[in-house]
Amino acid sequence: METTAANPTTVATLVGMPVLDEGGKEWGRVQELAVEVGKDSTRVSGLLVTRREGGRTHGWMVPVESLWAPVVADKTLRTMSEPGDVPSLSDSLLLERDLLDQQIIDVDGRKVVRVNDVNLLWTSDGDGGGTALVIEEVEIGLRGAIRRLLKGLPVNTVEGIARKIPSRVIPWSCVDVIDRDPARRVRLKIGQDRLAKLHPSDIAEILEDLAPAEREAVFTSLPEETAAETLEEIEPKLQKELLQRMDSERAADIIEEMDPGAAADLLGELSDEESEAILEEMEPEERHEVEELLEFSAASAAGRMTTEFVTVPRTGTVADAVEALRAFEGDPDTITEIYLFDEQARLDGVVMLPRLLLATPETELASLSEGHNVSCGTHARDREVAELFDKYNLRSLPVVNAQRHVVGVIHAEQVIAQLREA
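To keep things clear, this report deals only with the structure shown in the data block. Keep in mind the model is a prediction, meaning the values are calculated, not measured.

**Looking at the sheet that holds strand β17 (residues 337–341)**
Paired through backbone hydrogen bonds, the strands of a sheet run either parallel or antiparallel to each other. The strand order across the open sheet built from three strands is β16-β17-β18, with neighbouring strands paired in mixed fashion. Sheet topology places β16 (311–313) and β18 (347–352) at the edges, where each strand pairs with a single neighbour. Taking the axes of each pair of neighbouring strands and ignoring which way they run, one obtains an average angle of 35° across the sheet. Bridge count for β17 against β18 is four bridges, and the pairing is antiparallel. Residue pairing across strands places Tyr-339 opposite Val-350, the latter belonging to β18.

Next comes the structure, spelled out in structure tokens:
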């Protein structure tokens, strides 16, 4: 199909425009633009036209292919055939009702934006096969808002003002329907590969800005690992809300991907019944780790720590430490040092990763250990932990039990989060 561009237009300028037949009789004014999503989500299929007469509102559907293109600029639309009855619109997207003022996600801008208008383009078949109204872009900038604010003035006047304002748009190909029933919502269509490139904190910020329906729909679409990383960045109130809206099995799959300490903190915010339902769906090993942490106060070192860390015998070599790192199943980004233990499995040294990388494989780990070991007990309070980080400029702090066995590690970001909560 050969297309030829005619007059560009928008939803804001079309709504309210009179529709006339070939003889000049007015059928009414445009109330809505319908898109049959299942058939072709890139084109407007028909215009819903209404007229008030005798105290009653009459409505018709005007197929786009029956319209003359281009639009008679600034004044009217004309149809070559008689409008038909309004069909069921249950499977249609209505652009004015379902899209304008709705929130969508600007992935490139890493933020939630509001739809102010929709840019459309009249096209025609080169062989005279009829008119088409193609959806080009979603207007998220001030230009669309100005068009709607000045609605009622002559179209040419409004466009003259609007064109002076920079356009901010998102291609329609990037917009998808989330939930058409009961609340019609839209969002950017985000492939998993593209979504994975966003930092979890960016995704968390986007989710926090969304309305509940959109938030749940977007979060549900995330892969489990991405969902887990994102959940750790979301404020506690919304964490709880998102988990409570999920079934226990899905929630358990996400919790299993989280840092055990963060998972325990989150489950601790739920009711005993909700927490137990999720724990029952978790794998035995992950469940055991989280249940152990749930026994501790959230304001203690044990309540703040993660149980994911790397330990190696003090008598080992750099090659042994590298193998331990390769076997580590937690988040490698959290590892800044490895811990050495003696014959009784007590903490007996710390080796920073840079020293490990610069040493030869046969180098003994004991020779790379820091000159002093800083640790805290499981019941150390938040203030004590923060003071240790400040005094020794730590990246992480091992937590030891009464036998000086390492049972967990507190990272700097956890201390920062604790200080922000205070």
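From this point on, the discussion continues.
**Remarks on the side chain of Asp-342**
Examined against the element boundaries, Asp-342 turns out to sit in the loop between β17 and β18. Judged by relative accessible area, which is 14%, Asp-342 ranks as buried. Within polar-contact distance, the side chain of Asp-342 engages the backbone nitrogen of Arg-346 at 2.9 Å.

**As for helix α8 (residues 224–233)**
Turning to α8, its buried residues are Thr-226, Ala-227, Ala-228, Thr-230 and Leu-231. In this structure, the buried residues of α8 make contact with α6 (200–209), α7 (212–220), α9 (236–244), α10 (248–257) and α11 (260–268).

**Considering the packing of α6 against α8**
Between α6 and α8, the least distance of the axes is 8 Å, while the angle of their chain directions is 70°. By the angle between their axes, α6 is roughly perpendicular relative to α8. As for the relative orientation of α6 and α8, their crossing is right-handed in sense. Of the residues in α8, those in contact with Pro-200, Ser-201, Ile-203, Ala-204, Leu-207 and Glu-208 of α6 are Thr-226, Glu-229, Thr-230 and Glu-233. Taken together, the residues of the contact of α6 with α8 break down into four nonpolar, three polar and three charged.

**Focus: the packing of α8 against α10**
At their nearest, the axes of α8 and α10 sit 8 Å apart, and the two run at 70° to each other. With respect to their mutual orientation, α8 and α10 come out roughly perpendicular. Every residue of α10 that contacts α8 at Glu-224, Glu-225, Ala-227, Ala-228 and Leu-231 is listed here: Arg-250, Asp-253, Ile-254 and Glu-257. Of the residues assigned to the contact of α8 with α10, the class counts are four nonpolar, no polar and five charged.

**Notes on the environment of Ala-324**
Tracing the sequence through the fold places Ala-324 in helix α15 (residues 318–327). Overall, Ala-324 belongs to the partly exposed group, its relative accessible area being 23%. Considering only alpha carbons, one finds Ala-324 and Thr-311, 13 residues apart in sequence, at a separation of 7.6 Å. Ala-324 has contacts with Val-310 and Val-312, leaving out every residue within four places of it along the chain.

**Remarks on the packing of aromatic side chains**
Applying the stated rule across the entire model yields one aromatic pair. With a centroid separation of 5.3 Å and an interplanar angle of 75°, the aromatic rings of Trp-27 and Trp-60 are classed as edge-to-face. Taken together, the residues span a long stretch of sequence, with Trp-27 in strand β3 (residues 26–36) and Trp-60 in strand β6 (residues 56–63) at a distance of 33 residues. Accessibility expressed as a relative area gives 9% for Trp-27, which makes it buried.

**Description of the pairing of β3**
Where strand β2 (residues 18–20) and β3 come together, three bridges link them in antiparallel fashion. By the bridge assignment for β3, Pro-18 is matched with Arg-29. What sits between the antiparallel neighbours β2 and β3 is a turn of five residues, in which Gly-24 has the positive phi angle 95°. Judged from the five bridges that link them, β3 and strand β5 (residues 46–53) form a sheet pairing that is antiparallel. Within β5, the position partnered with Arg-29 by the bridge is Thr-50. With three bridges connecting them, β3 and strand β8 (residues 92–94) associate as antiparallel partners.

Rules behind the numbers
- Residues numbered from 1 in each chain as written.
- Predicted model: local features only at pLDDT ≥ 70, side-chain atom pairs only at ≥ 80, totals over all residues.
- Heavy atoms only, no water.
- Pairing = 2+ DSSP bridges.
- Helix = DSSP H or I, 4+ residues; strand = E, 2+ residues; numbered from the N terminus.
- Axes fitted to C-alpha atoms, helices over the stretch in contact; angles between N-to-C directions.
- Buried < 20%, exposed > 50% of the residue type's maximum accessible area, 1.4 Å probe, protein only.
- Polar contact = N/O pair within 3.5 Å; in protein donor to acceptor, adjacent residues only side chain to side chain.
- Contact = heavy atoms within 4.5 Å.
- Parallel < 35°, antiparallel > 145°, perpendicular 65-115°, else oblique.
- Left-handed = near helix turned anticlockwise from the far one by under 90°.
- Nonpolar A, V, L, I, M, F, W, Y, C, P; charged D, E, K, R; others polar.
- Phe/Tyr/Trp six-rings, centres within 6.5 Å; stacked < 30°, edge-to-face > 60°.

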